[in-house]
Amino acid sequence: AQKITQTQPGMFVQEKEAVTLDCTYDTSDPSYGLFWYKQPSSGEMIFLIYQGSYDQQNATEGRYSLNFQKARKSANLVISASQLGDSAMYFCAMKKGYSSASKIIFGSGTRLSIRP
Amino acid sequence: GAVVSQHPSWVICKSGTSVKIECRSLDFQATTMFWYRQFPKQSLMLMATSNEGSKATYEQGVEKDKFLINHASLTLSTLTVTSAHPEDSSFYICRVTSGDNEQFFGPGTRLTVL
């Protein structure tokens, strides 16, 4: 069975510092995708970054990068130069395979708070 | 602009009533729609997967007779919470995928049952 684990319920970071949000996963499927989403207090799910299991390089999107350690089954999100607007819940998620009909399961989330 | 809409964005109802939540894809045809539920300070839990014209597939522990899903067209799926009770109060979010594997979340519907 697939499983996503986020071990940090909450984190406090000083503005402009970099922050790493941890995520480990468990799956026996060779094909899968890993996602990170941001959920502000409004509730909307904002897509941040995606990593496919066969991607050779770590994904990057602006200030977001995904530290993909396949052998360790970890997919940590790194946010560089944090901003006050980064305060939100962050969810790591995994999708089995690449089909549009594949389910996405979510980790328990990490609440990130940025201090001015 | 938004590519997936949900209506209503919030609803308050009395216990025992039924509530219908709509999820629409605005500019594309949705091959698959997923319904999630999120209780306060918790993660998103998948409730069911629906494809146009076929019965929804429910996750274990989700009552299909209580949470009725209708996917009548390629742009619309509805979730009806029948005989709602306070424990059904939650944030309901749909996720929609297109044929070219793009995926989008709706903005969510906050249901409060008194």
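Above this note sits the structure.
How each quantity is defined
- Residues numbered from 1 in each chain as written.
- Chains lettered and ligands numbered in written order.
- Predicted model: local features only at pLDDT ≥ 70, side-chain atom pairs only at ≥ 80, totals over all residues.
- Heavy atoms only, no water.
- Helix = DSSP H or I, 4+ residues; strand = E, 2+ residues; numbered from the N terminus.
- Contact = heavy atoms within 4.5 Å.
- Buried area = accessible area lost by both parts, 1.4 Å probe.
- Salt bridge = Lys/Arg side-chain N within 4 Å of Asp/Glu carboxyl O.
- Polar contact = N/O pair within 3.5 Å; in protein donor to acceptor, adjacent residues only side chain to side chain.
- Pairing = 2+ DSSP bridges.
- Axes fitted to C-alpha atoms, helices over the stretch in contact; angles between N-to-C directions.
- Core = buried A, V, L, I, M, F, W, Y, C linked by side-chain atoms within 4.5 Å.
- Buried < 20%, exposed > 50% of the residue type's maximum accessible area, 1.4 Å probe, protein only.

> Account for the environment of Pro40(A), with residues named and values stated.
All names here are of chain A. With respect to the helices and strands, Pro40 occurs in the loop between β5 (32–39) and β6 (46–52). For the pair Pro40 and Asp86, spaced 46 residues apart in the sequence, the C-alpha separation amounts to 8.5 Å. When residues no more than four places from it in sequence are discounted, the contact partners of Pro40 are Ile46 and Ala88.

> So, the interface of chain B and chain A: which residues are in play, and what are the values?
Each partner contributes residues to the interface: chain B has 20 residues there, and chain A has 19 residues. Of the roughly 1400 Å² buried between chain B and chain A, counting both surfaces, carbon and sulfur atoms make up 50%. Linking chain B with chain A are 1 salt bridge. A salt bridge links Lys103(A) to Glu59(B), with the shortest nitrogen-to-oxygen separation between them at 2.8 Å. Counting the contacts that link chain B with chain A gives 6 residue pairs in polar contact (both at pLDDT 80 or more).

> Outline the sheet that holds strand β3 (residues 19–25) of chain B, supporting the account with residue identities and numerical values.
All names here are of chain B. The antiparallel open sheet is built from 4 strands, whose spatial order is β1-β3-β8-β7. Both outer strands of the open sheet, β1 (4–7) and β7 (67–73), are each paired with one neighbouring strand and no more. Direction aside, neighbouring strands of the sheet carry axes that sit 15° apart on average. With 6 bridges connecting them, β3 and strand β8 (residues 76–81) associate as antiparallel partners. In the strand pairing of β8, Arg24 is matched with Leu76.

> If you had to explain the nonpolar core to someone new, which residues and values would you point to?
Of all hydrophobic cores here, the largest spans 25 residues; its most connected members are Tyr25(A), Leu34(A), Trp36(A), Ile49(A), Leu77(A), Tyr90(A) and Leu112(A). Of all the elements in the fold, those that place two or more residues in this core are β2 (10–14), β3 (19–21), β5, β6, β8 (64–69), β9 (74–79), β10 (88–96) and β12 (110–115) of chain A. Considering each element in turn, this core owes the most residues, 4 residues, to β10(A). Formed by 24 residues, the second largest nonpolar core is a distinct cluster that contains Val11(B), Met33(B), Phe67(B) and Cys94(B).

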